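Descriptive structure summary
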Amino acid sequence: MLFEEYALREDSCGPGEYRGGLGVRYRMRLLRGEGYFSMLGDRTRQGPFGVEGGGHGAPTRVEIKHGNTVHVPEMGAKEDNLPFKPGDTVQVQSPGGGGYGKPAKRSKERTAFDL
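Residues numbered from 1 in each chain as written. Predicted model: local features only at pLDDT ≥ 70, side-chain atom pairs only at ≥ 80, totals over all residues. Heavy atoms only, no water.

Structural notes on the pattern of salt bridges
By the definition in use, this model includes seven salt bridges. Where R25 meets E5, a salt bridge forms, and the shortest distance between an N and an O atom there is 2.8 Å. Here R25, found in strand 2 (residues 23–29), pairs with E5, found in strand 1 (residues 2–9); they are 20 residues apart in sequence, far enough to count as distant. Among the ionic pairs, E63 bridges to R61, the shortest N-O distance being 3.0 Å. Accessibility expressed as a relative area gives 22% for E63, which makes it partly exposed. (Salt bridge = Lys/Arg side-chain N within 4 Å of Asp/Glu carboxyl O. Helix = DSSP H or I, 4+ residues; strand = E, 2+ residues; numbered from the N terminus. Buried < 20%, exposed > 50% of the residue type's maximum accessible area, 1.4 Å probe, protein only.)

Some thoughts on the sheet that holds strand 1
An order of 1-2-7-4-5 is seen for the five strands of this open sheet, with the pairing classed as antiparallel. Taken across any chain shown, the strands that pair with only one partner, and hence form the sheet edges, are strand 1 and strand 5 (69–71). Across this sheet, the average inter-strand angle for adjacent strands is 15 degrees, counted without regard to direction. Here strand 4 (residues 61–66) pairs with strand 7 (residues 89–93) via five bridges, running antiparallel. Opposite R61, over in strand 7, you have Q93 as the bridge partner. (Pairing = 2+ DSSP bridges. Axes fitted to C-alpha atoms, helices over the stretch in contact; angles between N-to-C directions.)

Quick notes on the packing of aromatic side chains
This structure, assessed with the given rule, holds four aromatic pairs. Pairing F3 with Y26 gives two aromatic rings, centres 6.2 Å apart and planes at 35 degrees, and the pair type is tilted. In this pair, F3 sits in strand 1 while Y26 sits in strand 2, placing the two residues 23 residues apart along the sequence. When the centroid spacing of 6.4 Å and the interplanar angle of 35 degrees are considered together, the rings of Y18 and Y100 count as tilted. Here Y18, found in the loop between strand 1 and strand 2, pairs with Y100, found in the loop between strand 7 and helix 1 (108–114); they are 82 residues apart in sequence, far enough to count as distant. The class of Y18 is partly exposed, set by a relative accessible area of 41%. Members of the aromatic cluster, connected to one another through ring pairs, are F3, Y6 and Y26. (Phe/Tyr/Trp six-rings, centres within 6.5 Å; stacked < 30°, edge-to-face > 60°.)

This is the structure:
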């Protein structure tokens, strides 16, 4: 198994006076052999809630590629005993954190830094 990517997930944090944290994005590829892939996650329909007027973070997203076919699990981040062959990949984008406080209260300096 080769980790092809591990990075912060841009634009995944919820807006707010204090924005939520960034999620991560990672992609793995099976190089040789055969096996089965299973995962258990959540927050695929709605990202983590913001509080005190803050916005929600981005939800989880999972894509599994078998050759030219892309499979998005029906249950979001829940998959069990999926056959995995050489060249197959799985990409996961974890949720971002919800923001705290009203976005309009975020300082102009922080907003400019974010951009």
